[in-house]
Amino acid sequence: MQTKRLLSLFVGSLLLFGCHRASNAPVERVELPVTDHPGRASNDKIVAGDDRSLAQANAKPNQQPIAKEMPSAEPAQPDRTAAEPTPAPPPSVDAKPAKSAKKKEVASTKPAGYGAEEYRLVNQSDEIVSVLKNGLVVVSKRVPSPVVAVRGYVNTGGVYEGKWLGGGLSHLLEHLVAGGSSQRRTEAQNRDLLQRIGNNSNAYTTSDHTAYYINTTGEHMSEAVDLVTGWMFGALITPEEYRREYEVVQRELEKDKGEPDWVFYQLSETNRYRISPARVPVIGYQEVIQSLSRDDVYEYYKLTYIPNNMIFSVTGDLPAEEMLKAVQKFVDDVKPGREFERDIAAEPPVLSPRTSVATFPKLGQAKLQLSFPSVRMDSPDLYALDLLATILGGGESSILVEELRDKRRLVNAVAAGNPTPTYVEGSFQIDMELDPETIAQATDATLKLLDQIIKTGVTTDRIDR
């Protein structure tokens, strides 16, 4: 393992984040105001009325004991202008379950329109990965489970919002699309059908994608596919729903500003990234959000929610062909769109240490992050760095836990991670929670341990663990 070589690639560029100054590098000081924050609307399920809100998921899946996750994005008060005229929702149409396929040939698809298959990337008895004529990628896989999971992914998120960057459009759309009025049903009809098939549904927004899902049972698979495809391809985004969901995301934005972990994560990201849109919170900035209109959101929806910018997956204890056909049935009339551009500004190299410091009311223990510019997800160095993060701070027997917490008692918690996005170089991070008085000592001890690893590497027994 090239641990010694890899660490030396970026150890010269040091980023420090925390609640107190930890070095003599130039400091940006931010005072965070004390405000009263209203409660967040429920994100557990899609519910009726003004409380409807959808869950965000982790934008950063590198969960360590104190690793920070990217919160979901949310816009604030948009302009109340109603954009394009809203067509009247059609009467209720109850979807009929798709029948099982009788043939097993690759070219066994019946849809004659845009849902017909172009080719298959995977063609096995229990798993199919198919590309349809409209560009939609469909993954269907048989698994021994009573639960059927239907998921739709849109390849857009906070970093791809272009001229609306900072407006949190991806997250606002998440709230509007999931469960909202569509070309197939009214919002109430969508809600009633979801209730009938179990009411287990949610959605989330990240920096680079937005996802929607329904979990149900096998007999309701077709209805779940009907609902998810109807939301994603036929959202009406009515002025009434737009105004209501703006209020919901406004409360979520205000709640996030009162959460120290969210604030600390954003402090870290804005220090790491100066050019890349990764510096911008997925939730957006209030000033930008307030300048949005329903027209802006609808235009972004039409640009991004196109089949050739999406992936659908269906898993359950049903034939893979049957699950594929269910998706084909409900997207047969969905035309492809113009290719969505995802070119974003590159982040220049970090050439000198940066320190960003902020105070947070009644925080208690300080939060400190030592961060080093790392690699993208497609780098061949990814796995060695992930392994190094585990060796350093991935458990009770890791080096930093043993040395800093157990032996020297400089920190109360420590973890290491290597988040590596696809769209920008990531960071090799060491996160600590500690008393403010020990920040300098903990920082020096950590850097000395890293220097030692650069010189001698890590032992074989730690790698083998």
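We now turn to the structure provided with this report. (Residues numbered from 1 in each chain as written. Predicted model: local features only at pLDDT ≥ 70, side-chain atom pairs only at ≥ 80, totals over all residues. Heavy atoms only, no water.)

1. Details of the overall build of the chain
Selection criterion: Here a strand is any run of E in DSSP of at least two residues, a helix any run of H or I of at least four, and the numbering for each starts at the N terminus. Burial status follows relative accessibility: with a 1.4 Å probe on protein chains alone, a residue under 20% of its type maximum counts as buried, one over 50% as exposed, and anything between as partly exposed. Every residue pair with non-hydrogen atoms within 4.5 Å of one another is taken to be in contact. Calculation of accessible area relied on Shrake-Rupley with a 1.4 Å probe; when residues are assessed, cover is drawn exclusively from the protein chains displayed.
Along its length, the chain carries 13 helices and 13 strands. Within the span of the chain, comprising 465 residues, buried residues form 54% of the whole. A sequence separation of at least 24 residues applies to 81% of the contacts in the chain between residues at least 6 apart. For the chain, the exposed area adds up to about 20400 Å²; of that, 51% sits on carbon and sulfur atoms.

2. Observations concerning the packing of helix H2 (residues 169-177) against helix H8 (residues 294-304)
Applicable threshold: Note on geometry: axes are C-alpha line fits, over the in-contact stretch for helices, and angles between N-to-C directions span 0 to 180 degrees. Roughly parallel means an angle under 35 degrees; roughly antiparallel means over 145; roughly perpendicular covers 65 to 115; every other angle is labelled oblique. Each residue gets one of three labels, nonpolar for Ala, Val, Leu, Ile, Met, Phe, Trp, Tyr, Cys and Pro, charged for Asp, Glu, Lys and Arg, and polar for the others, Gly among them.
For the pair H2 and H8, interaxial distance at closest approach is 10 Å and the crossing angle is 85 degrees. Compared by their axis directions, H2 and H8 come out roughly perpendicular. Listed contacts from H8 to Leu169, Ser170, Leu172, Leu173, Leu176 and Val177 of H2 are Asp296, Val297, Tyr300 and Tyr301. Across the contact of H2 with H8, the residue classes break down as eight nonpolar, one polar and one charged.

3. Comments concerning helix H10 (residues 382-393)
Definition in use: The span expected for a helix works out to 1.5 Å for each residue beyond the first.
The terminal C-alpha atoms of H10, which comprises twelve residues, lie 16 Å apart, in line with the 16 Å expected from a rise of 1.5 Å per residue. Buried within H10 we find Leu382, Ala384, Leu385, Leu388, Ala389, Ile391, Leu392 and Gly393.

4. Observations regarding the pattern of salt bridges
Let me state the cut-off plainly: Counted as salt bridges are all cases of a side-chain nitrogen of Lys or Arg within 4 Å of a carboxyl oxygen of Asp or Glu.
In the structure shown here, the tally under the stated rule is 21 salt bridges. Note that Lys141 is salt-bridged to Glu127, the shortest N-O span being 3.5 Å. Highlighted residues: Lys141 in strand E5 (residues 137-142) and Glu127 in strand E4 (residues 127-132), separated in sequence by 14 residues. Residue class for Glu127 comes out partly exposed when judged on its relative accessible area of 21%. Of the charged contacts, one joins Lys163 and Glu299 as a salt bridge, the two residues approaching to 3.5 Å between their closest N and O atoms. Here Lys163 is found in the loop between strand E6 (147-154) and H2, whereas its partner Glu299 is found in helix H8, with 136 residues between them in sequence. Taken together, the shared-partner salt bridges connect Glu117, Arg120, Glu321 and Lys325 into one network.

5. So, the packing of aromatic side chains
Here is the rule we go by: Any two of the Phe, Tyr and Trp rings considered here, Trp counted by its six-membered ring, make a pair once their centres fall within 6.5 Å; the pair's planes then place it as stacked at under 30 degrees, edge-to-face at over 60, or tilted in between.
A complete count under the given rule lists six aromatic pairs for this structure. Ring centres 6.3 Å apart and planes at 65 degrees place the aromatic pair Tyr212 and Tyr305 in the edge-to-face group. Of this pair, Tyr212 sits in strand E8 (residues 210-217) while Tyr305 sits in the loop between H8 and strand E9 (310-316), and the two are 93 residues apart along the sequence. Ring geometry for Phe233 and Phe312: centres 6.1 Å apart, planes at 15 degrees, overall stacked. On the criterion of sequence distance, the pair formed by Phe233 in helix H4 (residues 221-234) and Phe312 in strand E9 is long-range, its members being 79 residues apart.

6. Focus: the pairing of strand E12 (residues 413-417)
As a reminder, the rule being used: Being paired, for any two strands, means DSSP has found at least two bridges between them.
Counting buried positions over the five residues of E12 gives five, a clear majority of the element. The alternating pattern of E12 places Ala413, Ala415 and Gly417 on one face and Val414 and Ala416 on the opposite face, and all of these are buried. Sheet topology note: the E12/strand E13 (residues 427-434) ladder contains five bridges and is antiparallel. Its bridge partner lying in E13, Val414 is registered against Met432.

7. Focus on the pairing of E4
Of all six residues that make up E4, five are buried, and the element is covered over most of its length. Across five bridges, the pairing between strand E3 (residues 117-123) and E4 is antiparallel. Bridging from a neighbouring strand, Arg120 pairs with Ser130 of E4. In sequence, E3 turns back onto E4 through a hairpin of three residues. Here E4 pairs with E5 via five bridges, running antiparallel.

8. Observations concerning the sheet that holds E6
Strand order in the open sheet formed by seven strands is E3-E4-E5-E9-E6-E8-E7, with mixed pairing between adjacent strands. The open sheet has two edge strands with one neighbour each: E3 and strand E7 (201-205). Adjacent strand axes in the sheet meet at a mean angle of 15 degrees when their direction is disregarded. In this structure, E7 lies alongside E8, joined through five bridges in antiparallel fashion. Looking at the pairing, Ser201 lines up with Ile214 of E8.

9. What about the packing of H4 against helix H9 (residues 320-331)?
The test is simple: Crossings are assigned a handedness: left-handed for a near helix turned anticlockwise from the far helix by less than a right angle, right-handed for a clockwise turn.
Relative orientation of the contacting elements H4 and H9 amounts to 40 degrees, with a least axis distance of 9 Å. When the axes of H4 and H9 are compared, the pair comes out oblique. As H4 packs across H9, the resulting crossing turns out to be right-handed. For the pair formed by H4 and H9, the contact residues are Met221, Ser222, Val225, Asp226, Thr229 and Phe233 on the first element and Glu322, Met323, Ala326, Val327, Phe330 and Val331 on the second. Split by residue class, the contact of H4 with H9 holds eight nonpolar, two polar and two charged.

10. Here's the deal with the nonpolar core
For clarity, the cut-off: Residues grouped as a nonpolar core are buried Ala, Val, Leu, Ile, Met, Phe, Trp, Tyr and Cys residues, joined through side-chain atoms within 4.5 Å.
Ranked by internal contacts, the top residues of the largest apolar core, which has 50 residues, are Leu136, Val177, Met232 and Tyr305. It is H4 that provides the largest number of residues to this core, a total of eight residues. Look past the residues within four positions of Tyr305 in its chain and what remains in contact with it is Val154, Leu173, Val177, Thr210, Tyr212, Met232, Phe233 and Met310. In terms of nonpolar packing, the next biggest core, distinct from the first, is built from 28 residues, Leu388, Val401, Val411 and Phe428 among them.

11. Let's talk about the environment of Ile214
By the secondary structure assignment, Ile214 is in strand E8. Given a relative accessible area of 0%, Ile214 falls into the buried group. As for Ile214 and Leu227, which are separated by 13 residues in sequence, their C-alpha atoms are 8.6 Å apart. Discounting residues that sit within four places of it in the chain, Ile214 has contacts with Val148, Ala149, Val150, Leu194, Ile197, Asn200, Ser201, Ala224, Leu227, Val228 and Trp231.

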